[in-house]
Structure formats: C-alpha cells, structure tokens
Amino acid sequence: MIKLVNISKEYRNGVTALYDINMEIKKGEFVFLVGSSGAGKSTLIKLLLKEEGISRGKLYLDGMDITRVPNRRIPYIRRKVGVVFQDFRLLPNKTVYENVAFAMEITGSSPREIRRRVPIILSMVNLSRKASSFPDQLSGGEQQRVSIARSIVNNPPVLIADEPTGNLDPDTAGEIMKVLLDINNRGTTIIMATHAREIVNSMKKRVIALEDGRLVRDEEKGGYSIEIPNI
Amino acid sequence: MWRNRSMGIASITSISAVLMILGVVLILILSINNAVLDTKLKFDEVEVFLVEDLSNESMDIIEETVKEYPGVLSILFRSKEQALEIMKEEWAEEAYLLDGLETNPLPDAYIIKVNDIEYADELVNDVKTLDGVEEVKYYKDVIDKLLIFAGYIQFGGIMIIGILVFISVFIISNTIKITVSSRRREINIMKYVGATNGYIRGPFIMEGVFLGIIGAMISIAIVYFGYEYFYNSMNDKLYDLFTFYLVDPKLIFADLAIMFGTIGSGIGALGSLVSLKRFLNV
C-alpha cells in the first residue's frame, strides 16, 4: 500500500529531517510510528500527505509513484489518505453531521450519497446521537471521533493518525483506539504516530521507530521501546 | 462576506471609479467618431459662413474670388432659411424643437465643392481674409483635429483606466485576503480532505465577482443617468454644433451594461485570484 525507498528529506534551511528511510506497509496493516519529538515522525507524515516535497528516494502509494506529482493532482492523492490530528481540527460553526458531510461535499459526492453515508459513519464512531451538536458541546474524545469520522467518510485506503490520543485521558484514548482498530479491521491501512507507550505496548502491532531522522527499528508485534534484558 | 464592510465598500468604489471613467472616455470617443463619420461625408465641401446682412457687392466679390480658384467645382449660395430647412430635415422627429425659435440663428453661407483637395487649404486661407466672411469650415481640418483629439482622449483614457484597474485589483485582493485569512482554518481542513484548488477558490472568486458586479451596476447607473441628463440639457441649446454628434444614451445603454459587467466581474475575479495564489500553495 505504501512503500518508501531510500527516502531522504532535507529542508530548505539545510536541516536534514530524514535519512535514507526504507519501509513497506501492506494493505490492512496497523503500524505505530514512534520516536521522540524531532525524530522525524512529523516530517514523514508530511511527506505521505504531500505537504512537503521529497529530496531523494521514491514514494509509492497503492502501486503509484507519488514521489513527484503536479500540484493539481495532490488533492486526489489526499483523498486516498485520511488524516486525523491531535488537535481535532473541526469547524466550530458546523454541527457534527455537517463537519463530516463537509468532507464529502468537497469531493463532489451527491447530496443523496451524503445523506446515506454520513449517518453510517457516525454510528461507526458511536456519535449518532450527537449529530446535531456543535464541537464545543462535545468532550475531547467525542471531538476526536468526529475527526476520525470525517477522515474515513470518503473511504480512503489509508488513514494517518498523528498523535490522535495526545490530548486525551487514558480511558478516552482507549475508546479512540477501539474505533481505530475497528476501522483497521474493515480493511483500512492505519499509520499512527504516537508517544503513548502503554497503547503501543498493549496493542502488539507493528512498530517503526525513528531516531534523529533514521529508521532504527521495524518490528512486528513490537513494543514502544526495546526491552533491555537484565543480565 | 460583510464582516469587512469598509474594505468591501472600498472595492466597490474603486471598480465603480474605473468603470465611470471608462464610460466617459467611451462616450467621448463614440461622439467624436460620430462627428468624424458625418464630416467625412462633407469632405469635399468648404462652408463659408457670412456675416449678417452682407451687401450684394461683397457677396459678388466672394463668389468671383472663389470661382477663379483651380479645383473649385461649384459654389452655391445657401440662405439662412434654407439652412434651417435642412436642419429640420436632419433632425426629423425632433424638428418641432426648432419651431420654437423666434429668430433664425443660422447664418447665410456659400457651399463650395472642390474636386481636388490639394487646393482646399489654400482656398480656405484666402477666403478667410475676405470682407464679410465670418467663418470658414473646411471639414478636413475638423476631422484632423477631431482625430488628434480622439487620439489624446484614447491614450489618456487607457493610461488612467490601466492605473485604476491595477489599483482596483489591489484593493479587491486585499479585501478577499481578509476573508481568506478569517477562513484559514476551513481552507486548511479542506486541503487535508482533498479539496481541489478550484473548489477552494470558488467562493472567494464569487465574492470578488460579486463586488465587481455591484461596482458595475453603480457605475452604469451613474454614467447612464448622468450622461442622459447632460445629453438632454445640451440638446436644449439647439445651435451648439457638438451636441449634434453626441451619441444617444439609449443606444449605448446595452453595450455599456455588458461591457461594465464583464470588466467589473473580471477585475473582481482577478483580485481574488491574486490574493488566493499565496494561500493555496501548500
């Protein structure tokens, strides 16, 4: 689904954020992206979202080379990659329903299609009863679920979650993880950048660790950090 | 949209100003064209207007002098009464206006036909010096002067309009910029969800076009009614030569409306595009 070949990213100010990254993420996988702040997680996500250009290497999405694409094609790539942020990024003057429907309107779905699909997605994230609430009337966990609903309403094959539980208490974070797992079980590939050690350790999913812009670990059913055996 | 009302008003005003000046220049040029077309028909004619109650002797002298010139085809006397008749014919439906005159303000005149314009300038200069000649009208002069005048107006008009268009685009782009930055969050989200630039631009361009069209409507109203008023009041002064060539406001209204609408919305759209360019490059 996603393939990075020898990818490096150097910012214009000369800072190198990623060195020679190689990875392949298969369809339907759930991958944690871990590493301390400044390790390159955000840069990697920006490359996947085509927010930043790639200095060297090749990037493939769904078999397509998207290393360099003209600006006008970027929106169509973003429709294949849903994204959820730590700060939710909801429109405060729109209801829950409208926030989700908005994503479908933008991509040119018919009103009938929108009326059909939005309620289904809202029930998937357990927000059917809050459809006409405004974001500021919701708890953090609920807001994040709206954001998740919005990111998957157009049925993207890949979902990127950038510290989706960063602003939430552990119980609420657990709810969010349940929703993400559910989405993953329906076939969506998920890449989740996180600092939440407990979540990573308990889920036993693939873990990719970055450190100073280098890929230092890629482990199936891994933990947040390498266990150093006591001698 | 009305969150930044003063900027909106500034935009509309600047577009109106551009279009109003364009309208005035256009009317001037059209009127001059009218005059040029009409006088071109009389290209081979020299009109010699005589002072009031000129003696037969003086008239004879003028007639003889002219006849001796090479290139003169014919010389005809046109009395002031005949001149009025001709004018009535030309004015057709509005001729009743002339009935109200107490005295005939038109002068007696000789109409000289030349078959060779080469000599016309010389003839005109000589006849001017003769006794009893009030004024000589040779239309080649008039045409030349009109054309030069039209050229100045066109050039000046284009310069002024160019500068004003630039200013309008600038003002509108700033107006739209305010709206854009107030909706930055929304635009940002739209981009992540995969909205095309066209989709994002749409509403802002509509806003620019909307401002442009309002500006166009205001300027059409001002130019049209202002000019109509001017036209009517000028036409009351019957003997004024220039008013005769003024274009009829009714004839130009539709063209003016189409042109103003197009240019106004064009300026609006351009202003929006300029302000959006920076925001969309993510």
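What counts and what doesn't
- Sequence positions are assigned chain by chain, starting from 1 and proceeding in written order.
- Labels are handed out in written order, letters beginning with A for the chains and numbers beginning with 1 for the ligands.
- In keeping with the predicted nature of the model, local features appear solely for residues at pLDDT of at least 70, side-chain atom pairs appear and are counted solely at 80 or more, and the whole-chain, interface and lining totals rest on all residues.
- The helix and strand labels rest on DSSP assignments: H or I over at least four residues marks a helix, E over at least two residues marks a strand, and numbering proceeds from the N terminus.
- In this description, any two residues whose backbone-derived C-beta atoms lie within 7 Å of each other are considered to be in contact.
- To sort residues by exposure, count the other C-beta atoms lying within 10 Å of each residue's C-beta; 20 or more gives buried, 12 or fewer gives exposed, and values between give partly exposed, all with C-beta atoms placed from the backbone.
- Interaxial angle, 0 to 180 degrees, is taken between N-to-C directions of lines fitted to C-alpha atoms, where a helix line uses only the stretch in contact.
- Note on terminology: angles under 35 degrees are roughly parallel, angles over 145 are roughly antiparallel, angles of 65 to 115 are roughly perpendicular, and the others are oblique.
- Should the near helix be turned counterclockwise from the far one by less than a right angle, the crossing is left-handed, whereas a clockwise turn marks it as right-handed.
- What makes two strands pair is DSSP finding at least two bridges between them.
- Under the convention adopted here, Pro, Cys and the residues Ala, Val, Leu, Ile, Met, Phe, Trp and Tyr are nonpolar, Asp, Glu, Lys and Arg are charged, and Gly plus all remaining residues are polar.
- Each nonpolar core consists of buried Ala, Val, Leu, Ile, Met, Phe, Trp, Tyr and Cys residues. Their C-beta atoms, within 7 Å, join them into a set.
- What pLDDT reports is the predictor's confidence in each residue, on a scale of 0 through 100.

In terms of helices and strands, chain B carries 9 helices and 4 strands. What you see in chain B, going N to C, is helices and strands ordered as α-β-α-β-α-α-β-α-β-α-α-α-α. Partitioning the intrachain contacts of chain B with sequence separation of at least 6 by distance along the chain shows that 87% fall at a separation of at least 24.

The next subject is the overall build of chain A. Helix and strand counts for chain A stand at 7 helices and 10 strands. A buried classification covers 39% of the 231 residues belonging to chain A.

Further remarks concern the environment of P70 of chain B. Its place among the elements puts P70 of chain B in the loop between α2 (56–68) and β2 (72–78). Placed 44 residues apart in sequence, P70 of chain B and V114 of chain B show a C-alpha to C-alpha distance of 8.8 Å.

With that out of the way, let us pick up the packing of helix α3 (residues 96–106) of chain A against helix α4 (residues 111–124) of chain A. Residue and element names in this part refer to chain A. Between α3 and α4, the shortest axis-to-axis distance is 10 Å and the interhelical angle comes to 130°. Considered as vectors, α3 and α4 are oriented oblique to each other. Our pair here, α3 against α4, has a crossing hand that is right-handed. The residues of α4 that touch α3, namely those facing Y97, V100, A101, M104 and E105, are I114, R117, V118, I121 and L122.

Let us now look at the sheet that holds strand β8 (residues 189–193) of chain A. All names here are of chain A. Spatial ordering of the open sheet is given by β6-β7-β8-β3-β9-β10, a layout of 6 strands whose pairing is mixed. Looking along the sheet, the strands with just one partner apiece sit at the ends: β6 (81–84) and β10 (214–219). Averaged over all neighbouring strand pairs, the angle between strand axes comes to 20°, with direction disregarded. Across 5 bridges, strand β7 (residues 158–162) lies against β8 in parallel orientation.

Now for the environment of G226 of chain B. Examined against the element boundaries, G226 of chain B turns out to sit in helix α8 (residues 197–235). For the pair formed by G226 of chain B and P249 of chain B, sequence separation is 23 residues and the distance between their alpha carbons is 9.8 Å.

It is worth spelling out the interface of chain A and chain B at this point. In this assembly, 12 residues from chain A lie in contact with 11 residues from chain B. The greatest single-element share of the side of chain A that touches chain B, amounting to 3 residues, is contributed by helix α2 (residues 74–78) of chain A. Of the residues in the side of chain A that touches chain B, the class split is 6 nonpolar, 1 polar and 5 charged.

The next point concerns the nonpolar core. Of all hydrophobic cores here, the largest spans 69 residues; its most connected members are L33, V100, A149 and I160 of chain A. With 8 residues, the top contributor of residues to this core is α3 of chain A. Non-local contacts of L33 of chain A, meaning those with residues more than four positions away in its chain, are made with K41, L44, I191, M192, A193, I208 and L210 of chain A. By size, the runner-up hydrophobic cluster in this structure holds 25 residues, among which are L19, V180, L211 and A269 of chain B.

With that settled, the discussion passes to the pairing of strand β1 (residues 2–10) of chain A. Residue and element names in this part refer to chain A. Where β1 meets strand β2 (residues 16–25), 6 bridges bridge the pair, whose relative direction is antiparallel. Looking across to β2, one finds that K3 is bridged to E24. Direction of pairing for β1 relative to strand β4 (residues 56–61): antiparallel, over a ladder of 5 bridges. Within β4, the position partnered with L4 by the bridge is L59.

Moving on, we come to the confidence of the model for chain B. All names here are of chain B. In the predicted model, chain B carries a mean pLDDT of 80, and 89% of its residues have values of at least 70. Element-level mean pLDDT values for chain B span from 75 in helix α4 (residues 96–99) up to 87 in α8. Model confidence for the complex is summarised by a pTM of 0.67, with the ipTM given as 0.83.

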